[in-house]
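# Chain and residue survey
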Amino acid sequence: MQSVHEALKEEKQPPPRAKSLDTILCLDVSASVVENPGLETVKQIALKFVDGVEDLMEEMDLEENIAVVTMGKKAKVIQHLTNDLSLVREAIESVDNEAGGRSPFMQALLVCLAANKGRGGIVNVAGVYKVYPRIIFITDGHPTDESVESGSDSPTNLSQVKFSLVQLITEISSKKHKSTPKPIFWVPVGTKANMAFLDSLAELCGGRSVPAEDIKSLCRYFKIHQTAGRLYKMIKNHPDRYVDQQMQSVVTAISPNLTINEQRTVLEIVMKLKDKPPEEEEPEADSFGNLYEDKEKVKTGELLPLGTRVVRGPDWKWKNQDTDGAGTVIQHDKENNWIYVKWDNGTHNAYRYNENGKVDVEESKHHPRELPLDSPSLDFGVRVVRGPDWKFENQDGKGPGIVVRWRKSDGKCKVRWDNTGTFHEYYYSAKRGHEVQIYTPQFARDGTILQTDNGKPTEESVGQTSTKTIPMWKWRDENRRWRLYSEDISV
């Protein structure tokens with residue numbers, strides 16, 4: 001896309017920038033906005049925002065970088081990120097040159113991302129709280145079909161256009177894009193603005209719709225979040241010193257210029273941070289270099305071992321992140337009692353396990369991760385044993401293990417072996433060989449898994465106090481839990 005390539009190009013003479021919050025101001029100057037409410041209205045809203053940012057700079061000595069992107073005919077960066085607000089004002093005044101044409105929302109969002117890439121960044125407040133770049137989109141909320149390069153600004157193929165836009169915003173907001181702007185604020189303009197659509201987009205991206213007359217409320221965004229970060233740092237360092245009842249007084253003391261409503265917003269942010277999963281050690285699910293297991297806490301039972309299969313626990317509060325299914329523990333946080341779970345639905349997130357007495361997930365022995373023995377690929381939580389191309393002596397401790405990392409592109413996995421508690425990497429692919437293979441365990445009458453040697457029960461796996469251990473067949477109930485059949489059915 002030519003517009004994105006142009007936005008990514010380095011400026012010959014980059015404008016001045018501060019190490020501070022980055023804001024991409026996207027102005028809809030398409031034909032529909034030119035007609036209602038008119039370009040002058042859009043410019044005045046944008047200039048009012050810039051004035052508010054400048055007031056804050058003078059009042060609280062807080063810098064902010066602003067870029068200006070236009071959406072009309074095509075999306076275009078007319079001013080890259082800078083803290084020189086005179087350049088920003090000049091760009092806003094010049095938008096008449098870009099006015100008219102269609103409303104390519106997706107292109108505009110991609111250009112905003114490109115304008116941030118390599119220029120904008122995350123502000124780390126007090127070393128404990130990240131403030132991301134943001135996008136402020138001033139628009140009437142009427143996108144047009146981008147599969148057609150020219151034509152009127154009237155909506156066509158609207159359902160597909162909206163679906164594609166929702167997909168893009170969901171992708172932008174996902175955790176794997178750690179430095180992209182978020183949230184996105186939507187400022188509706190004109191009497192025909194599609195408020196319902198803009199509200200739904202705001203909810204998807206963690207932002208909100210802001211009435212044009214309240215645009216200045218967005219100017220104090222950075223001060224609010226900076227105060228929240230400082231307060232959270234104080235609480236994190238001295239959790240017993242700052243009780244909830246004292247926080248209002250502390251906010252007033254460290255930021256007396258904030259309004260009562262802004263102080264409430266600070267407190268809301270801090271309360272969410274107290275219950276928020278840690279971010280610094282969040283694992284990339286296909287990365288092999290950052291695996292961490294706290295062996296001491298595993299030994300004492302304070303944390304579950306990596307590879308443990310889990311389901312919702314007694315303190316679950318995370319809506320339907322697990323889609324009512326099971327997952328696999330793939331990482332421990334290095335500081336707190338949070339564990340990362342890779343759900344069978346493909347997502348992963350962090351959850352409390354004995355963190356301040358809260359247990360979000362609990363071990364389940366009734367939700368094995370099953371794949372056919374001849375499956376062409378593995379997955380998280382699948383149990384394995386040594387395969388036909390095994391060449392690692394007794395690295396597995398002569399027993400099964402569980403996959404805690406999996407990379408489909410090259411068939412590489414990392415396994416935690418049951419008998420040793422150690423982690424090692426292997427290949428499971430047609431090209432590189434099958435150093436491990438899928439293992440479907442058999443169950444003894446008490447529900448425990450029989451030990452195996454290369455996928456077959458060993459003599460040691462037969463109970464020491466019994467002359468014969470009878471494998472048991474299991475069935476899956478309506479809650480997807482594995483249950484033993486009655487004794488007369490098992491053989």
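Structure shown above.
Conventions used here
- Residues numbered from 1 in each chain as written.
- Predicted model: local features only at pLDDT ≥ 70, side-chain atom pairs only at ≥ 80, totals over all residues.
- Heavy atoms only, no water.
- Helix = DSSP H or I, 4+ residues; strand = E, 2+ residues; numbered from the N terminus.
- Polar contact = N/O pair within 3.5 Å; in protein donor to acceptor, adjacent residues only side chain to side chain.
- Pairing = 2+ DSSP bridges.
- Contact = heavy atoms within 4.5 Å.
- Axes fitted to C-alpha atoms, helices over the stretch in contact; angles between N-to-C directions.
- Parallel < 35°, antiparallel > 145°, perpendicular 65-115°, else oblique.
- Left-handed = near helix turned anticlockwise from the far one by under 90°.
- Nonpolar A, V, L, I, M, F, W, Y, C, P; charged D, E, K, R; others polar.
- Phe/Tyr/Trp six-rings, centres within 6.5 Å; stacked < 30°, edge-to-face > 60°.
- Buried < 20%, exposed > 50% of the residue type's maximum accessible area, 1.4 Å probe, protein only.
- Salt bridge = Lys/Arg side-chain N within 4 Å of Asp/Glu carboxyl O.

A few words on the side chain of D333. Counting through the fold element by element, D333 comes out in the loop between β9 (327-332) and β10 (338-343). Engagement of the side chain of D333 in a polar contact is seen with the backbone nitrogen of E335, the distance being 3.1 Å.

On to the pairing of strand β8 (residues 309-312). Note: β8 against β9, two bridges, orientation antiparallel. Pairing of R309 across the sheet is with T328, part of β9. Bridging between β8 and strand β13 (residues 361-363) involves three bridges; their strand directions are antiparallel. The partner of V311 across the bridge, within β13, is E362.

A few words on the environment of D28. By the element assignment, D28 lies in strand β1 (residues 21-28). A C-alpha to C-alpha distance of 7.8 Å links D28 and V42, two positions 14 residues apart in sequence. Not counting the four nearest positions on each side in its chain, D28 is found in contact with V33, V42, M71, S103, F105, I138, T139 and D140. Within polar-contact distance, the side chain of D28 engages the side chain of S30 at 2.7 Å. One polar contact links D28 to T139, side chain to side chain, over a distance of 2.8 Å.

Look at helix α5 (residues 105-116) against helix α6 (residues 158-173): their axes get within 10 Å of each other, and the N-to-C directions meet at 20 degrees. The angle between α5 and α6 falls in the class roughly parallel. You can see that α5 and α6 cross each other, and the crossing is left-handed. Contacts between α5 and α6 involve F105, M106, L109, L110 and L113 from the first element and S164, L165, L168, I169 and I172 from the second. Of the residues that constitute the contact of α5 with α6, the class distribution is nine nonpolar, one polar and no charged.

Throughout the structure, instances matching the rule amount to 13 aromatic pairs. Consider the rings of F137 and W186, whose centres lie 5.0 Å apart with planes at 15 degrees: the pair is stacked. In this pair, F137 is assigned in strand β6 (residues 134-139) and W186 in strand β7 (residues 184-188), connecting sequence segments 49 residues apart. For the pair F137 and W186, a shared accessibility class is recorded, and that class is buried. Among the aromatic side chains, those forming a connected cluster through ring pairs are W316, W318, W338, W343 and Y351.

Here six strands make up an open sheet; going across it, the order is β18-β17-β16-β15-β14-β19 and the pairing antiparallel. Because the sheet does not close on itself, it has two edges, and the strands there are β18 (433-434) and β19 (436-438). Bridging between strand β16 (residues 412-417) and strand β17 (residues 423-429) involves five bridges; their strand directions are antiparallel. Bridged to C413 within β17 is Y426.

Take the pattern of salt bridges next. In a structure, side chains of opposite charge can pair up when their charged atoms sit close to one another. Here the structure, examined in full by the defined rule, presents 29 salt bridges. Note that R119 is salt-bridged to E11, the shortest N-O span being 3.2 Å. You can see R119 sitting in the loop between α5 and β4 (123-125) and its partner E11 sitting in the loop between α1 (2-8) and β1, a full 108 residues away along the chain. For the pair shown, R119 and E11 are each scored as buried. The shortest N-O distance in the salt bridge between K43 and D96 comes to 2.9 Å. Of the two residues, K43 is situated in helix α3 (residues 39-60) and D96 in the loop between α4 (85-93) and α5; the sequence distance between them amounts to 53 residues. Of the residues examined, K43 reaches a relative accessible area of 5% and is grouped as buried. Take D96: its relative accessible area is 41%, and that puts it in the partly exposed class. By sharing partners, the salt bridges in this structure join E40, K43, E93 and D96 into a single network.

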